[in-house]
Amino acid sequence: AGVILSKVIDKVGGRIIVYGTPAEETNGAKVILAEEGVFDELDVAMMAHPADITAKSGTSMALYPLQFTYKGKTAHAADAPDQGINALNAAMLGLMGINALRETFREADVVRVHPIITKGGDLVNSVPADVRIETYVRAKTMEAIEATHKKVDTALKAGGDAVGAQTVIATMPGQLPLACNNRLNELFVTNAKIAEPNVAVKDAGHFSASTDMGDVSHLLPVIHPFIGGVDGFLHTADFHVVDFKHAVLLPAKAFAMMIVDLLADDAELARQIKAEHHPLLTKEEYIAKLDKYFQ
């Protein structure tokens, strides 16, 4: 899209910036960029994501990452286990506590908690004294995130308390839920059908993954459509492109034409969308929310 627009920008005016923003669902590159003010000069923003359907933007899950370290006491695992404090046992009890909580998660909140043990000990012959868990807490709203992560914190800390281990909890900003602009969505649909007349553009509705585009959507008008032409599950080795024209050229053409529409006639449409849009957070409110999650 950027290459196409570079050929016509002198005729339509305006300014287009192409950003490389990796790690959109995990480490949240856009969260860092937004905090640093990289998006402050933008009026609208758009990105596309491959999927098994072509669809206009829907809503997404909020994401809150948590890291837990259990600090126990090492000892000979066979000769003196009574002298140790088993941090792995603490972790297993904590994980069972999370599983016992699952029936309390409301279906309307679409809660997902999916922990992994990233360190289970050092030597088989020693009582594990340093065990670590990472997990994401996801939900449809930030209110549900707040309620759920406190339950998860309590469950995992209880595992440490049960065996006498110290539980250290570290948190950081994750991603806010996606909220896209309806007029930009419809403009995408119109141009996608021009780029590929036979394309069926569905409504993505709510999807249970997360994206750091959610953060950007709280600050300015955005879209995050899905583009088909791929096969296999996302984030797996089986994922691959099966229709290059649809997966790559369709979004490039649709986005380029969208931007020409936005900038035409002294950017009349872009100015309307910007004037009608009410940001969910000011930049100051956004930074304050990020800061609250650092613990």
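Novice: Could you clarify how one ought to interpret the packing of aromatic side chains in this entry?
Specialist: For any pair of aromatic rings, the description consists of the separation of the ring centres together with the inter-plane angle of the planes. Counted by the stated rule, this structure contains four aromatic pairs. For the pair Tyr19 and Phe39, a centre-to-centre distance of 5.2 Å together with 80° between the ring planes defines the contact as edge-to-face. With Tyr19 in the loop between helix H2 (9–12) and helix H3 (29–35) and Phe39 in the loop between H3 and strand E1 (45–46), this residue pair connects regions lying 20 residues apart in the sequence. Measuring from ring centre to ring centre gives 6.2 Å for Phe188 and Phe255, while their planes differ by 75°; the resulting arrangement is edge-to-face. With Phe188 in helix H6 (residues 182–195) and Phe255 in helix H8 (residues 244–276), the pair connects residues that are 67 residues apart, well separated along the chain. What makes Phe188 buried here is its relative accessible area of 0%.

Novice: Whenever I open this one, the pairing of strand E7 (residues 130–139) confuses me. Can you help?
Specialist: Walk down a regular strand and you will see the side chains alternate between the two sheet faces. Here E7 lies mainly inside the structure; seven of its ten residues are buried. Summarising the sheet, strand E4 (residues 62–71) and E7 pair through ten bridges and their orientation is antiparallel. Opposite Pro65, over in E7, you have Tyr136 as the bridge partner. Where strand E5 (residues 112–113) meets E7, two bridges bridge the pair, whose relative direction is antiparallel. Paired with Arg112 across the two strands is Arg138, which belongs to E7. Strand direction decides the pairing type here: strand E6 (residues 116–119) and E7, joined by three bridges, are antiparallel. Note on E7: the bridge partner recorded for Lys119 is Arg132.

Novice: Any chance you could explain the pairing of E4 here in plain terms?
Specialist: For E4, the buried fraction is high: eight of the ten residues fall into the buried class. Sheet analysis places E4 next to strand E8 (residues 166–171), joined by six bridges and oriented antiparallel. Paired with Gln67 across the two strands is Ala170, which belongs to E8.

Novice: Help me out: how do you make sense of the pattern of salt bridges in this one?
Specialist: A pair can form between side chains of opposite charge whenever their charged atoms are brought close. In this structure the tally under the stated criterion is 13 salt bridges. Between Asp43 and Lys274 there is a salt bridge whose closest N-O contact spans 2.7 Å. Of this pair, Asp43 sits in the loop between H3 and E1 while Lys274 sits in helix H8, placing them 231 residues apart in sequence. We classify Lys274 as partly exposed; its relative accessible area is 48%. For the salt bridge of Asp266 with Arg271, the shortest nitrogen-to-oxygen distance reads 3.5 Å. Per residue, the accessibility class of Asp266 equals that of Arg271, and both read exposed.

Novice: Quick question: what am I supposed to make of the packing of H6 against H8 here?
Specialist: When two helices pack together, their arrangement is given by the angle between the helix axes and by the axis-to-axis distance. The contact between H6 and H8 brings their axes to 9 Å, and the two run at 145°. Between H6 and H8 the crossing geometry is right-handed. For the pair H6 and H8, the contacting residues are Arg183, Leu184, Leu187, Phe188, Asn191, Ala192, Ile194 and Ala195 in the first and Leu250, Lys253, Ala254, Phe255, Met257, Met258, Asp261, Leu262, Leu269, Gln272, Ile273 and Glu276 in the second. Taken together, the residues of the contact of H6 with H8 break down into 14 nonpolar, two polar and four charged.

Novice: Would you mind going over unusual backbone geometry with me for this structure?
Specialist: Excluding glycine, residues mostly have negative phi values, and the peptide bonds linking residues are mostly trans. Unusually for a residue other than glycine, Asp266 sits at a positive phi of about 60°. Along the chain, Asp266 turns up in helix H8. Backbone geometry places Ala267, a non-glycine residue, at a positive phi of 55°. Looking at where Ala267 falls in the secondary structure, it is placed in helix H8.

Novice: I keep staring at the nonpolar core and nothing clicks. Help me out?
Specialist: Generally speaking, soluble globular proteins have nonpolar side chains that are buried together. Counting residues in each nonpolar core, the largest one holds 47 residues, and the members touching the most others are Val152, Val222 and Tyr286. Residue assignment for this core shows that the elements contributing at least two residues are H3, E4, helix H4 (87–101), E7, helix H5 (142–163), helix H7 (213–217) and helix H9 (283–292). Sort the elements by how many residues they give to this core and H5 lands first, with six residues. In this structure, Leu5, Val199, Ala254 and Ala256 belong to the second largest nonpolar core, which totals 24 residues.

Novice: Would you mind showing me how to read the packing of H4 against H5 here?
Specialist: Packing of H4 against H5 brings their axes to within 7 Å, and their N-to-C directions diverge by 145°. Crossing handedness for the pair H4 and H5: right-handed. Side by side, H4 and H5 meet where Asn89, Ala90, Leu93, Gly94, Leu95, Gly97, Ile98 and Leu101 of the first sit next to Lys151, Val152, Ala155, Leu156, Gly159, Gly160, Ala162 and Val163 of the second. Of the residues contributing to the contact of H4 with H5, the split by class is ten nonpolar, five polar and one charged.

Novice: I tried to follow the side chain of Gln175 on my own but got confused; where do I start?
Specialist: Along the chain, Gln175 turns up in the loop between E8 and H6. Once residues within four sequence positions are removed from consideration, Gln175 is found in contact with Glu24, Glu25, Thr26, Gly28, Val31, Ala62, Leu63, Met142, Ser210, Thr211, Asp212 and Asp215.

Reading the values: the criteria
Residues numbered from 1 in each chain as written. Predicted model: local features only at pLDDT ≥ 70, side-chain atom pairs only at ≥ 80, totals over all residues. Heavy atoms only, no water. Phe/Tyr/Trp six-rings, centres within 6.5 Å; stacked < 30°, edge-to-face > 60°. Helix = DSSP H or I, 4+ residues; strand = E, 2+ residues; numbered from the N terminus. Buried < 20%, exposed > 50% of the residue type's maximum accessible area, 1.4 Å probe, protein only. Pairing = 2+ DSSP bridges. Salt bridge = Lys/Arg side-chain N within 4 Å of Asp/Glu carboxyl O. Axes fitted to C-alpha atoms, helices over the stretch in contact; angles between N-to-C directions. Left-handed = near helix turned anticlockwise from the far one by under 90°. Contact = heavy atoms within 4.5 Å. Nonpolar A, V, L, I, M, F, W, Y, C, P; charged D, E, K, R; others polar. Core = buried A, V, L, I, M, F, W, Y, C linked by side-chain atoms within 4.5 Å.

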